[in-house]
Structures are given as C-alpha cells and as structure tokens.
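Tertiary structure, described
Chain by chain, the residues:
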Amino acid sequence: MTDGNMQGYVNSPDMQQRLYKRSLLIVVLSQIFGGAGLAAGVTVGALLAQDMLGTDSLAGVPAALLTLGSAVAALLVGRLSQHYGRRLGLAAGFFAGGIGAIGVILAAVNHSIVLLFISLLIYGAGTATNLQARYAATDLAKPTQRAKAISTAMVSTTFGAVAGPNLVDVMGKFATSIGVPALAGPFILGAAAFLLAGLVFFIFLRPDPFIVAKAVFQAQARSDRSQSAAVQTKSHNNNKVLVVGAAVMILTQIVMVAIMTMTPIHMKHHGHSMADIGLVIGIHIGAMYLPSLITGVLVDKIGRAAMSIASGGILLLAGIVAAVAPADSLLVLIIALALLGLGWNFGLISGTALIVDATDPATRAKTQGTIDVLVALAGASGGALSGMVVANSSYAALSLAGGGLALLLIPVVIWSRSKSKVSAFQNNLSN
C-alpha cells in the first residue's frame, strides 16, 4: 500500500469501516476452512496414535502435541503479525498447519511414530492460527462492534468444524482408495482446509487491517499527546481479576481437552463406527462455537462471574453424564459432549472478558499472549494425562475427575468477589 492510500484510510472513518466489513468477510471465509482443518486432528488424532502405537496409554499424546504446538505457534504468529501484519502472520500459521497435516499422512503411510509426533506438533500451528484469526476481524472495529465481530468469527468456525468430523468416514474411504491408511484420511481434508485458509488471507487480506489500525492509532497519538500521557499514568492491572480470568480459561481447557481426547477411544472400544465418532465430535465442536453470539450477550448482561460459575456447573454435569453413559448409547454420549462444548464456550468467553476487564491497552496484548500460552499448555497437560488415567482406571473415572476439577471454578470466582468487596470497603474507609 502506498503512503497516499494509507493516509486516505487514516483520515477517513468511512474507508476504515468499509475495510472492517471486508476484513470480517475474509475472516469468516477463512474460519470455515480453518474449522474443518481444526476438527480433523481432534477427531482421529488419538485413534491414529493408538493404532500405530498399539496401546491406549499414549493415546492422549496427539492432543498434547497439538496443543503444545499451538502454544508455540501462538507466540510466533503473534510476533509475525505484530511486525508484518495479519496477512503474513495468519497465512504463515495456516500454511504451517497444512504442512503438518501432510506430514501426518506421510507418517501413517510409512508407519513412522517419530514423524507422526513431529507433524502433529507442527499441525498445532493451524489450530493456534484458527483461534488468532478472529482478532483480524476486530482491528478496525468500533468498540461497540468488537464483541459482535469476535462472535461472528467464532460462529463461522462452526460450519467447517461440524462438517469436518462428519466427513471422517468419507475421507477414510477416499484415503483407502489411494493407498493411505483410513485414519489418515481426515488429515487429507485438514491439509487442504488449512492451506486454503492460508491462501484466503494471503491473497485477499489487502490492505492489511492491522497495519491500517496501527497507522490510525499512531496518527491519533501524535494529534493528542496529552491523552496518550494520561492513559500511561493510569496504566495498571487488576491482578485478582486477571488471576480469576486465567483460572477460568485454564481449568475449562484442561477438562474439555481431557474428556474430548479419550471419547473417540472409548467409543471405538465399544463398537461405535467412525461415522458415530465423527457425529459426536462434530456436535461437540458445534457446541464449542455455535452458542457464541448468545454467550457474549449473556456475559455482558448476567455478568462474568455468574457465567464462569455456570461454566463450572455445566462441565461438572458433562463429566457426570459421560461417566454414567451406557457405552452403547450414542444419544447420551452426544448429550455429554455437547454439554462439554457448551461449558467450554461459557468459560472461554467469560474468562476472556475478565482478562480484558483487568488490563488496559498498554499491557493487554502482552498479557493476553502470555495467558493464551498458559491455556494451551494446560490443554496439552490434560490431553497427555487423559490417556494415562483411562489406561490405569477408566473413561468414567476420567470424566468424573474432569467434572470435579471444573467445580473448582466456583470457589475461585467466589474468592475473587469477596476480595473485591473487601477492597471496596477498605477504599471507602480510607476516603
């Protein structure tokens, strides 16, 4: 973009709004592809590892590697985006995810465990990028548009994420027809989906909304130095709220990843088909993203604390239902995994809102990046430990343990509210 064109965007709110709407459409398109890629690894990653390793005890490793890879990629994509814009940062992340999916296919064909684990780690870049892509929708959004933009991006992920698992059986048959193991079939879809998502950003995200947004911010800072100084003097974080927001997202991520990872293994052991597994995981992922528009409204109206507590209650219920579900009952497993997705959705959005509330623009991006890494590492731990728990106990024990862990959200939120009331009372006394 030429300096003249950039200056035009800086000086024209109308041009900024047109670019915002165009960027939102591009994000929606990319999220549909990205969601399909995201779902492939979630659905059959554990099954592929189990098949190649011949044991259940390490079946949680794929989810752990995917999540660990997403943690590293979140930092790298964030830094690339910061220096070069969303277009290059997001495109690079999706391309890396596509390459990882191709590596998984080659690992399955050659029965290489080492290549499988390395490829799953790289594949995690696509997962991280898919989550970070929603921020591209908010770069030029007005304050009153930001929540809607994020919700729109998350909801659009649902289309690909639900379609992906339900194509598991079809992709398995296609893979077999070309000499590739059936369980690697969904990764063919994943490779194509991530590469297409990357191309959408690389080709169409011009002008880059993040670069325009930075130029607008710099121009505003130059024109109003006093306001900028005032913002800096007021810069501080509410550490108690920050801790609670991080705890909500970390706990919900551990519970969701642990139970979700072992559900396909549990279903396979009890005679369910790949089509059944794809249906359950597809509905689960749909429940993770589809309620976002309503959840955002509820978080604003009912409050962050109430929705965080609701998240813990729903995840506990999901764990109980999964634990008592008859092994041959597809319907009850669908209900359990749908509740698991809904509880995660409540926790993610309320926890994110708490983090935003607790930080100001001077520190927000850095703090959010650090917490996102912690959330990803928590998910990796949940995925790795889930296989060991099931191998040494049972799927029911894992589900109950996950539900019990989610219940910790309630005392954490109550603690934060009581601390806030004490602080307010002390402030009133001092005044």
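In this report, the structure presented in the accompanying data block is examined. Every chain begins its residue count from 1, and numbering advances along the sequence as written. For this predicted model, a pLDDT threshold of at least 70 governs which residues receive local features, and a threshold of 80 or more governs which side-chain atom pairs are given and counted, while totals over whole chains, interfaces and linings are taken from all residues. For the side-chain quantities, the full set of heavy atoms in the structure was used; hydrogens and water were omitted.

Overview of the overall build of the chain
- Only runs of H or I of at least four residues qualify as helices and only runs of E of at least two qualify as strands under DSSP, and these elements are numbered from the N terminus. Secondary structure summary: the chain contains 18 helices and zero strands in total.
- In the chain, buried positions account for 53% of the 431 residues. A simple rule labels every residue: compare its accessible area, found with a 1.4 Å probe on the protein chains alone, to the largest value its type can have, and call it buried under 20%, exposed over 50%, or partly exposed in between.

Some thoughts on the environment of alanine 323
- Positionally, alanine 323 belongs in helix H14 (residues 304-324).
- For the pair alanine 323 and alanine 396, spaced 73 residues apart in sequence, the C-alpha to C-alpha distance is 3.9 Å.
- If near-sequence neighbours (up to four positions away) are discounted, alanine 323 is found in contact with Ala396, Ser399 and Leu400. The contact criterion used throughout is that any non-hydrogen atoms of two residues lie within 4.5 Å.

Here's the deal with the nonpolar core
- Put simply, buried Ala, Val, Leu, Ile, Met, Phe, Trp, Tyr and Cys residues joined by side-chain atoms within 4.5 Å make one nonpolar core. In terms of nonpolar packing, the biggest core is built from 112 residues, with Leu48, Phe187, Phe201 and Leu340 touching the most fellow members.
- The greatest single-element share of this core, amounting to 16 residues, is contributed by helix H11 (residues 239-269).
- Residues within four places of phenylalanine 201 in sequence aside, it is in contact with Ile26, Val27, Ser30, Arg87, Leu90, Ala91, Phe94 and Ala133.

Focus on a nonpolar patch on the surface
- Patches in this entry comprise residues that are over 30% relatively accessible and not in a salt bridge; like charges within 9 Å are linked, as are nonpolar side chains (Val, Leu, Ile, Met, Phe, Trp, Tyr) within 5 Å. Under the convention used here, a 1.4 Å probe and the Shrake-Rupley method define accessible areas, while residue burial counts only the protein chains that appear. Each salt bridge in this description consists of a side-chain nitrogen of Lys or Arg and a carboxyl oxygen of Asp or Glu lying within 4 Å of one another. On the surface, Leu68, Ile99, Val114, Ile118, Leu121, Ile122, Leu374 and Leu377 cluster together to form a nonpolar patch covering roughly 660 Å² of accessible area.
- Broken down by secondary-structure element, the contributors of at least two residues to the nonpolar patch are helix H5 (113-132) and helix H16 (364-392).
- With four residues, the top contributor of residues to the nonpolar patch is H5.
- Among the structural elements, leucine 121 can be located in helix H5.
- When its relative accessible area of 35% is taken as the criterion, leucine 121 is described as partly exposed.

Some thoughts on the packing of H5 against helix H8 (residues 185-204)
- For helices, the fitted axis covers only the stretch in contact; all axes are lines through C-alpha atoms, and the angles between them, taken along N-to-C directions, range from 0 to 180 degrees. Direction vectors running N to C along H5 and H8 enclose 50°, while the axes themselves pass 11 Å from each other. Classified by the angle between their axes, H5 and H8 sit oblique to one another. Along this stretch, H5 crosses H8, giving a crossing that reads as left-handed. Contacts between H5 and H8 involve Leu120, Tyr123, Gly126 and Thr127 from the first element and Phe187, Gly190 and Phe194 from the second.
- As a working rule, the residues Ala, Val, Leu, Ile, Met, Phe, Trp, Tyr, Cys and Pro are called nonpolar, Asp, Glu, Lys and Arg charged, and the rest polar, with Gly in that last group. Here the residues of the contact of H5 with H8 are counted per class, giving four nonpolar, three polar and no charged. The cut-offs work like this: below 35 degrees is roughly parallel, past 145 is roughly antiparallel, 65 to 115 is roughly perpendicular, and the gaps in between are oblique. Each crossing gets its handedness from the near helix: less than a right angle anticlockwise from the far helix is left-handed, clockwise is right-handed.

Focus: the pattern of salt bridges
- Under the definition given, this model contains one salt bridge.
- One salt bridge in this structure joins arginine 304 and aspartate 300, with 3.0 Å as the shortest N-O distance.
- Classification of aspartate 300 by relative accessible area gives exposed; the value is 54%.

A look at helix H7 (residues 168-177)
- Within the sequence span of H7, burial applies to Val168, Met171, Gly172 and Ala175. Across the axial projection of H7, the buried residues extend over an arc of 105°, all falling on one side. In this structure, H7 carries Lys173 and Ser177 as exposed residues pointing more than 90 degrees from its buried face.
- Following H7 by one or two positions, glycine 179 has its phi on the positive side, about 85°. Here the arc refers to the set of directions running from the helix axis out to each C-beta atom.

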